[in-house]
There are 2 protein chains.
Amino acid sequence: MYIPTYDDMLAAHERIKPYIHRTPVLTSSYLNSLTGAELFFKCENFQKAGAFKVRGASNAVFGLSEEEAKNGVCTHSSGNHALSLSYAAGRRGIPCNVVMPRTAPQAKKDAVRGYGGTITECEPSTTSREEVFASVQARTGGNFVHPYNDPRVIAGQGTCSRELMEQTDGLDMVIAPIGGGGMISGTCLTLSHMAPEVQIIAAEPEQADDAYRSFKAGHIIADDAPNTVADGLKVPLKDLTWHFVSNHVTDILTASEQEIIDAMKLTWQRMKIVIEASCAVPLATIIKNKDRFAGKRVGVIITGGNVDLDKLPWIK
Amino acid sequence: MYIPTYDDMLAAHERIKPYIHRTPVLTSSYLNSLTGAELFFKCENFQKAGAFKVRGASNAVFGLSEEEAKNGVCTHSSGNHALSLSYAAGRRGIPCNVVMPRTAPQAKKDAVRGYGGTITECEPSTTSREEVFASVQARTGGNFVHPYNDPRVIAGQGTCSRELMEQTDGLDMVIAPIGGGGMISGTCLTLSHMAPEVQIIAAEPEQADDAYRSFKAGHIIADDAPNTVADGLKVPLKDLTWHFVSNHVTDILTASEQEIIDAMKLTWQRMKIVIEASCAVPLATIIKNKDRFAGKRVGVIITGGNVDLDKLPWIK
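Analysis parameters
- Residues numbered from 1 in each chain as written.
- Chains lettered and ligands numbered in written order.
- Predicted model: local features only at pLDDT ≥ 70, side-chain atom pairs only at ≥ 80, totals over all residues.
- Heavy atoms only, no water.
- Helix = DSSP H or I, 4+ residues; strand = E, 2+ residues; numbered from the N terminus.
- Rg over C-alpha atoms; globule rule 2.2 N^0.38 Å.
- Buried < 20%, exposed > 50% of the residue type's maximum accessible area, 1.4 Å probe, protein only.
- Contact = heavy atoms within 4.5 Å.
- Least-squares fit on C-alpha atoms with pLDDT ≥ 70 in both.
- Phe/Tyr/Trp six-rings, centres within 6.5 Å; stacked < 30°, edge-to-face > 60°.
- Buried area = accessible area lost by both parts, 1.4 Å probe.
- Salt bridge = Lys/Arg side-chain N within 4 Å of Asp/Glu carboxyl O.
- Polar contact = N/O pair within 3.5 Å; in protein donor to acceptor, adjacent residues only side chain to side chain.
- Pairing = 2+ DSSP bridges.
- Axes fitted to C-alpha atoms, helices over the stretch in contact; angles between N-to-C directions.
- UniProt positions renumbered as here; feature names shortened; annotations may be inferred.
- Domains from an automatic or database assignment.
- Nonpolar A, V, L, I, M, F, W, Y, C, P; charged D, E, K, R; others polar.

1. Some thoughts on the overall build of chain A
From N to C terminus, chain A includes 14 helices and 10 strands. Expected size for 316 residues packed as a compact globule is a radius of gyration near 20 Å; at 18 Å, chain A falls within 12% of this value. Along the first, second and third principal axes, the C-alpha set of chain A runs to 55 × 45 × 40 Å. Taking all 316 residues of chain A together, the buried fraction comes to 62%. Put simply, of all contacts in chain A between residues at least 6 apart along the chain, 74% involve residues at least 24 apart.

2. So, the relation of the copies chain B and chain A
Turning chain B through 180° and shifting it by 0.0 Å along the axis lays it on chain A, with an RMSD of 0.0 Å. On this basis, the relationship between the two copies can be described by a two-fold rotation axis. Rotation axis and chain B: the residue whose C-alpha lies nearest the axis is isoleucine 273 of chain B, separated from it by 2.2 Å. Take the interface residues of chain B: 100% of them recur as interface residues in chain A, which is what a same-surface contact looks like.

3. What to know about the packing of aromatic side chains
Tallied over the entire structure, the rule returns nine aromatic pairs over all chains. A ring pair is formed by tyrosine 19 of chain A and phenylalanine 62 of chain A, whose centres lie 3.8 Å apart and whose planes are at 10°; its orientation type is stacked. Linking tyrosine 19 of chain A in the loop between α1 (6-16) and β1 (25-26) with phenylalanine 62 of chain A in helix α3 (residues 53-62), this pair joins segments that are 43 residues apart in sequence. On the basis of relative accessible area, tyrosine 19 of chain A is assigned to the buried category, the value being 18%. Look at phenylalanine 62 of chain A and you get buried, because its relative accessible area is 19%. Arranged with centres 4.5 Å apart and planes meeting at 40°, the rings of phenylalanine 133 of chain B and phenylalanine 144 of chain B form a pair that is tilted.

4. Quick look at the interface of chain B and chain A
Of the residues lining the interface, 19 residues belong to chain B; the matching set on chain A comes to 19 residues. Note on chain B versus chain A: buried area summed over both sides is about 1,700 Å², and carbon and sulfur give 60% of it. Looking at the side of chain B facing chain A, the largest losses of area belong to Lys272, Leu309 and Ile315 of chain B, adding up to 37% of the total buried there. In this structure, the connection of chain B to chain A is made through two salt bridges. Between aspartate 310 of chain A and lysine 265 of chain B there is a salt bridge, with its nearest N and O atoms 2.8 Å apart. Joining chain B to chain A, the criterion identifies 12 residue pairs in polar contact (both at pLDDT 80 or more). Residue contributions to the side of chain B that touches chain A peak at four residues, all from helix α12 (residues 257-271) of chain B.

5. Focus on the environment of arginine 213 of chain B
Residue and element names in this part refer to chain B. Tracing the backbone shows arginine 213 in helix α10 (residues 210-217). Separated by 39 residues in sequence, arginine 213 and isoleucine 252 place their C-alpha atoms 9.2 Å apart. Once residues lying within four places of it in the same chain are set aside, the contact partners of arginine 213 are Ile221 and Asp223.

6. Section: the sheet that holds strand β1 (residues 25-26) of chain B
All names here are of chain B. Spatial ordering of the open sheet is given by β1-β2-β10-β7-β8-β9, a layout of six strands whose pairing is mixed. Each edge of the sheet is formed by a strand with only one pairing partner; in this case those strands are β1 and β9 (251-255). Where strand β7 (residues 173-177) meets strand β10 (residues 297-302), three bridges bridge the pair, whose relative direction is parallel. In the sheet register, valine 174 faces β10, and the bridge partner there is glycine 299. Against the sheet, helix α9 (residues 182-194) makes contact with β7, β8 (199-205) and β10, and its axis sits at roughly 175° relative to β8, the strand it touches most.

7. Focus on the environment of lysine 216 of chain B
Residues and elements named next belong to chain B. Along the chain, lysine 216 falls in helix α10. Here lysine 216 falls in the exposed class, since its relative accessible area comes to 53%. Separated by 30 residues in the primary sequence, lysine 216 and serine 246 place their C-alpha atoms 9.7 Å from one another.

8. Focus: the UniProt feature "domain: Tryptophan synthase beta chain-like PALP" (unreviewed entry) in chain A
As annotated by UniProt and renumbered to match this structure, "domain: Tryptophan synthase beta chain-like PALP" (unreviewed entry) occupies residues 17-304 of chain A. Summarising residues 17-304 of chain A: 48% helix, 17% strand, and an end-to-end C-alpha distance of 18 Å.

9. Topic: the domain arrangement of chain A
Residues and elements named next belong to chain A. Segmenting chain A into domains produces domain 1 (6-52 + 150-302) and domain 2 (54-144). For domain 1 and domain 2, the distance between their C-alpha centres works out to 23 Å. Of the residues lining the interface, 34 residues belong to domain 1; the matching set on domain 2 comes to 26 residues. Counting the surface lost from both domain 1 and domain 2, the interface buries some 2,300 Å², and carbon and sulfur atoms represent 49% of this. Seen at the junction of domain 1 and domain 2, the total is five salt bridges. Residue lysine 108 is joined to aspartate 231 by a salt bridge in which the shortest nitrogen-to-oxygen separation is 3.2 Å. Inspection of the region where domain 1 meets domain 2 yields 16 residue pairs in polar contact (both at pLDDT 80 or more). For the side of domain 1 that touches domain 2, the secondary structure elements donating two or more residues are α1 and α8 (151-167). A total of eight residues in the side of domain 1 that touches domain 2 trace back to one element, the largest contributor, which is α8. Here the side of domain 1 that touches domain 2 is built from residues that sort into 14 nonpolar, eight polar and 12 charged.

10. Things to note about the sheet that holds strand β3 (residues 73-76) of chain A
Residue and element names in this part refer to chain A. Pairing in this open sheet of four strands is parallel, and the strands run β5-β4-β3-β6 from one edge to the other. Edge strands, defined here as strands with exactly one partner in the open sheet, are β5 (118-122) and β6 (143-144). In this sheet, β5 lies alongside strand β4 (residues 96-101) in parallel orientation, the contact comprising five bridges. In the sheet register, valine 98 faces β5, and the bridge partner there is isoleucine 119.

11. Brief notes about the environment of lysine 17 of chain A
Residue and element names in this part refer to chain A. Locating lysine 17 in the fold gives a position in the loop between α1 and β1. The partly exposed category is assigned to lysine 17, whose relative accessible area is 46%. Residues lysine 17 and arginine 55, spaced 38 residues apart in sequence, show a C-alpha to C-alpha distance of 9.0 Å. Here glutamate 14 takes part through its side chain, which lies 3.5 Å from a polar atom of the side chain of lysine 17.

12. A few points about unusual backbone geometry
In the Ramachandran plot, alanine 49 of chain A falls in the positive-phi region, its phi being about 60° despite a non-glycine side chain. Structurally, the position occupied by alanine 49 of chain A is in the loop between β2 (38-43) and α3. The phi dihedral of lysine 272 of chain B falls on the positive side, at around 60°, and the residue is not glycine. Here lysine 272 of chain B shows up in the loop between α12 and α13 (277-288). Residue class for lysine 272 of chain B comes out buried when judged on its relative accessible area of 7%.

Okay, here's the thing in structure tokens:
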């Protein structure tokens, strides 16, 4: 297992710069006064392809040699990695095959196809996803870019917190959602070198709290097919992301489905930005644990904005 | 009738700076490629109180002498001016009484009360609004800040296009929605002096096209109680805004209800920002009249983001 380094992150940032946005950091006086903390929202919902995942995907795609790239790339993903990899492959002009759960939001499937990716559907469980993927990979011979358990991807995701640190005058904490752990691992990779005093908090839905339970148990616990409105956070930790989570994460906090939906709607209402339910988990945990964050300068990573606008969780 | 000048706009900008945001200008490669134009979105949905109207309202409130301010301010408004005036009055610590149609979005009523404003409801027609307002003004003795037909308000709204010009490297056109004409008049005031070569286009719902018909007829035509999803654009032109519209506007374009809703949803989907239906009218007319805008650098004023998230026009 190759553990990506700080230098890998720096090299990734150089490599992907032509294909990503340096996304803005927004603040909200309303949310600051509500939480008692000073919040700095790193808006990866404004990123190319609508999510931070384009950082890791672009690093993997543009780091391939001509020989390695000739059969294109392939992956399985609950959504944003699929469309980010399709975007990056499209920019390089190579094929991209993705396995997606049939229950993934229609907006994400449409976006994958819009970027030129080819979708093969599976059932919404880890087991089915891995089975269907094995056959797609065997058939196409594409380079496998795992959505998070891949050093190239983690190095790419680490570029986000590098920008966040450059865009703010010092932070006490950074909080990000945790699913498979790619963003959190990249954050650990970057901050443990660049700003080791900054606490790293992961935020997870109660209904998909495998990372929380893994963290408490000291080993990976994986659930098959958890169910949560935060559809990007259903996947389990793997060895590489577990390495970063177990060594560098300060704590993992959880929020209920209703708390996540309320924080999502509040962000839309007050900040006027479209964010996914997954990215509302950090704010939900901050509102729930005000004492923990009060008086602190907190970086909050808004991971993506690819929402199915026809199916909003607060409208029945 | 006092016609506000370019110097009034400059003085307004100095006066209101502590109370407003210098809002960002966003671009979208997707919308550029869809329209063939280069679009620069001035995001007043990120403005204090969620709309550009806080510029004019703050200029009026903070320009009052102590004597003039002692009974507070009052107004009638379909929404954003009401909450902007409440915000500005709250910052100065004086009372604010507003007359709002009972059909105004709940989110806007809640926001007015949140800023400390007092609401008196009227029927959703110009006639009823003016009647109810007369009694509120007589009772409170507050300084009347008209939502648009007021030189202080127009000078304040003009600060928006000043920033837009500073934030872009030259524009061929600026397009903004037109209701009563406050934003368009401020845009005319500023650009006719600062950049007279820039065309000024007003965008209006077909179902509330009184400004379009006035522009063609050469005199003000006012409708009582037009009906459109663009709830900020139902009010008619008045003498002061007619002065600017008739002298400086290049053209008025219109869009249907469905075109407005489609452009609104497309903006949410692609730009990941929450905008009101009113602000989608310019993009709707650009998509409808591509030849007119192709190859041009176009400033698009996104006027506000105060949406009732429980009632989205594309969800039945």
